[in-house]
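One letter stands for each residue in the lines below.
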Amino acid sequence: MTKYAQQILDIINISSDHLTAEQIYLRLKASNSKVVLATVYNNLNLLYEQDKIRKVSVEGYPDRYDKTVKHDHLVCKKCGAFSDIRLSDLTAQLQEQISEEIISYDLKVNYICPLCRRKAEKEK
């Protein structure tokens, strides 16, 4: 693993946030002034292909990168905010329903976050 790949992996694994490539770039740039954004994207793609990180995609928002520890996500339909949730593992149930071996799944539960609900109530 390259030096930058290891540093990017460390940034993702230490963070409690769901970081975009640009956010990872800014954190990496703070300690590596010569790093360029393309290096971050290339290493993120490599780490994702090697199953060392998760890529979470939500339409209309930049991809976010996350730890590989099994968990699911709440995603606000209004602002795109991400939150981790821990639900029972559905792998066995899904495999039974589709009669195929499942490698993994990524469950995103859409909802309206409390902040967006409060904003909507104030606008009424």
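(A) Seen up close, the side chain of Asn 32. Here Asn 32 shows up in the loop between α2 (21-31) and α3 (37-49). On the basis of relative accessible area, Asn 32 is assigned to the buried category, the value being 11%. Looking at Asn 32, its side chain comes within polar contact range of the side chain of Ser 31, at 3.1 Å. Those residues in contact with Asn 32, other than ones at most four positions away along the chain, are Lys 3, Tyr 4 and Gln 7.

(B) Just the pattern of salt bridges, in detail. Applying the stated rule across the entire model yields 3 salt bridges. Between Arg 27 and Asp 17 there is a salt bridge, and its shortest N-O distance comes to 3.7 Å. Of this pair, Arg 27 sits in helix α2 while Asp 17 sits in the loop between α1 (3-14) and α2, and the two are 10 residues apart along the sequence. For the salt bridge of Arg 54 with Asp 106, the shortest nitrogen-to-oxygen distance reads 2.9 Å. On the criterion of sequence distance, the pair formed by Arg 54 in strand β1 (residues 54-56) and Asp 106 in the loop between α4 (91-98) and β5 (108-111) is long-range, its members being 52 residues apart. The exposure class of Arg 54 is buried, given its relative accessible area of 13%. Looking at Asp 106, the relative accessible area reads 31%, which means it is partly exposed.

(C) Representation of the sheet that holds β5. One open sheet accounts for 3 strands, arranged β4-β3-β5; its pairing is mixed. Two strands close off the open sheet at either side, each with one partner strand: β4 (82-85) and β5. Each adjacent strand pair in this sheet contributes to an overall mean axis angle of 30°, direction not counted. In the sheet, strand β3 (residues 72-76) pairs with β5 via 4 bridges, with the strands oriented parallel. Paired with Cys 76 across the bridge in β5 is Tyr 111.

What counts, and at which threshold
Residues numbered from 1 in each chain as written. Predicted model: local features only at pLDDT ≥ 70, side-chain atom pairs only at ≥ 80, totals over all residues. Heavy atoms only, no water. Helix = DSSP H or I, 4+ residues; strand = E, 2+ residues; numbered from the N terminus. Buried < 20%, exposed > 50% of the residue type's maximum accessible area, 1.4 Å probe, protein only. Polar contact = N/O pair within 3.5 Å; in protein donor to acceptor, adjacent residues only side chain to side chain. Contact = heavy atoms within 4.5 Å. Salt bridge = Lys/Arg side-chain N within 4 Å of Asp/Glu carboxyl O. Pairing = 2+ DSSP bridges. Axes fitted to C-alpha atoms, helices over the stretch in contact; angles between N-to-C directions.

Keep in mind that these numbers describe shape and distance, not what the molecule does.
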